[in-house]
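Structure assessment
The lines below spell out each chain.
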Amino acid sequence: MQRAVLDHVAIGTRTLTDGWQLFAGLLGGTWVYGGDSPGYWWGQLRFAKGPKIELLTPASSAGGAFLERFLTSRGPGPHHVTFLVGDIGRTLSAARNMGIEPVGVDLSNPAWQEAFLHPRDAHGIVVQIARQSGTPTLAAPAELPDPGPASAFALLEHRVTDLSGATKLFSELLDGELVTSSDPNGAAVADLTWKNGIRLRLIGPAAGAAGPTTTQTTRTHLHFTRHGTAFSRAELSRAADLAGRLGTSLRLSDSAE
């Protein structure tokens with residue numbers, strides 16, 4: 001049976017141009033697919049390695065109230081992480097056996113069946129669980145710039161208040177392989193990987209700390225690396241500016257690999 005994989009991180013924004021300039025123009029993301037859904041538009045970019053980035057923006061049609069609420073209350077930033085599974089019914093049953101009740105369950109479309117785990121159950125971020133059948137072929141938006149030098153989405157980092165519970169969720173329900181790690185600031189850390197090489201780092205509170213803040217933008221950090229061509233000072237400054245407009249914590253480094 002197909003095991004779960006961490007497929008992409010979705011970022012909500014009212015201005016797609018910032019996302020295209022950052023994730024394509026600076027970080028070398030290339031178009032995968034995207035399109036209209038009720039109430040919002042979405043598009044995904046792929047990198048040299050790691051999960052994809054999906055940009056979400058409100059549309060005028062009905063159905064996007066969830067995104068409007070998110071942007072109004074929090075501003076732009078990471079909205080959810082998506083895991084693709086082979087048997088969504090089995091995964092949802094397993095979630096319920098763990099005491100988690102999925103929300104927004106929609107199994108009506110054989111090409112894309114989905115459900116969500118609320119942030120209170122997923123330790124600070126929405127988790128989308130989906131089963132995809134086939135791959136859509138949709139044209140890239142005209143405003144997408146030519147990709148810059150290829151970069152890898154090397155690590156998704158997420159700060160949690162309950163490291164044990166978060167580790168159980170992402171390993172037992174969503175098939176992550178637990179790898180031991182440590183943090184120089186004294187926080188407990190759990191690294192997980194998936195068969196496609198994607199890495200998620202869960203960071204618990206530092207010893208003696210009061211715990212992380214509750215906003216997703218301070219909980220979730222995206223790490224990108226570039227091999228062969230170092231990030232220039234101008235690129236680092238530009239990336240910081242664009243990431244700030246997207247409400248996204250971004251960390252860039254040159255890869256030694």
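The structure presented is a predicted model; accordingly, all values stated were derived computationally and were not measured.

Reading guide: rules and limits
Residues numbered from 1 in each chain as written. Predicted model: local features only at pLDDT ≥ 70, side-chain atom pairs only at ≥ 80, totals over all residues. Heavy atoms only, no water. Helix = DSSP H or I, 4+ residues; strand = E, 2+ residues; numbered from the N terminus. Polar contact = N/O pair within 3.5 Å; in protein donor to acceptor, adjacent residues only side chain to side chain. Pairing = 2+ DSSP bridges. Axes fitted to C-alpha atoms, helices over the stretch in contact; angles between N-to-C directions. Left-handed = near helix turned anticlockwise from the far one by under 90°. Contact = heavy atoms within 4.5 Å. Nonpolar A, V, L, I, M, F, W, Y, C, P; charged D, E, K, R; others polar. Buried < 20%, exposed > 50% of the residue type's maximum accessible area, 1.4 Å probe, protein only. Core = buried A, V, L, I, M, F, W, Y, C linked by side-chain atoms within 4.5 Å.

1. Notes on the side chain of D7
Relative to the helices and strands, D7 resides in strand β1 (residues 5–12). A distance of 2.7 Å separates polar atoms of two side chains, one belonging to D7 and the other to H8.

2. Focus on the pairing of strand β12 (residues 199–206)
In the sheet, strand β9 (residues 152–159) pairs with β12 via 4 bridges, with the strands oriented parallel. Note on β12: the bridge partner recorded for H158 is L202. Here strand β11 (residues 187–193) hands over to β12 after 5 residues, with G197 in that stretch at a positive phi of 85 degrees.

3. Digging into the sheet that holds strand β4 (residues 52–58)
The 8 strands are arranged β2-β3-β4-β1-β5-β8-β7-β6 in an open sheet whose pairing can be described as mixed. Each having just a single partner strand, β2 (30–37) and β6 (103–106) make up the two edges of the open sheet. On average, each strand axis in the sheet is inclined to that of its neighbour by 20 degrees, with strand direction left out of account. Pairing analysis gives 6 bridges linking strand β7 (residues 112–117) to strand β8 (residues 126–132), with the strands arranged antiparallel. Residue pairing in the sheet places W112 in a bridge with Q132 of β8.

4. Things to note about the packing of helix α1 (residues 16–26) against helix α7 (residues 233–245)
Where α1 contacts α7, the axes come no closer than 9 Å and their chain directions differ by 145 degrees. With respect to the hand of their crossing, α1 and α7 are arranged in left-handed fashion. Counted together, D18, Q21, L22 and L26 of α1 and E235, R238, A239, L242, A243 and R245 of α7 form the full contact between these two elements. Each residue belonging to the contact of α1 with α7 can be placed in one class, and the counts come to 5 nonpolar, 1 polar and 4 charged.

5. What about the environment of S181?
Structurally, the position occupied by S181 is in the loop between β10 (177–180) and β11. S181 sits in the partly exposed class, given a relative accessible area of 29%. What S181 contacts, discounting residues up to four positions off in sequence, is V189, D191 and R201.

6. Describing the nonpolar core
Within soluble globular proteins, side chains that are nonpolar tend to cluster in buried spots. Counting residues in each nonpolar core, the largest one holds 54 residues, and the members touching the most others are L22, F23, I53 and L222. At 6 residues, α1 tops the list of elements feeding residues into this core. Setting aside its immediate chain neighbours within four residues, F23 contacts I11, G28, G29, L45, F47, I53, L55, L222, F224 and L246. Y33, Y40, F70 and L71 belong to the second-largest nonpolar core, a separate cluster that totals 9 residues.

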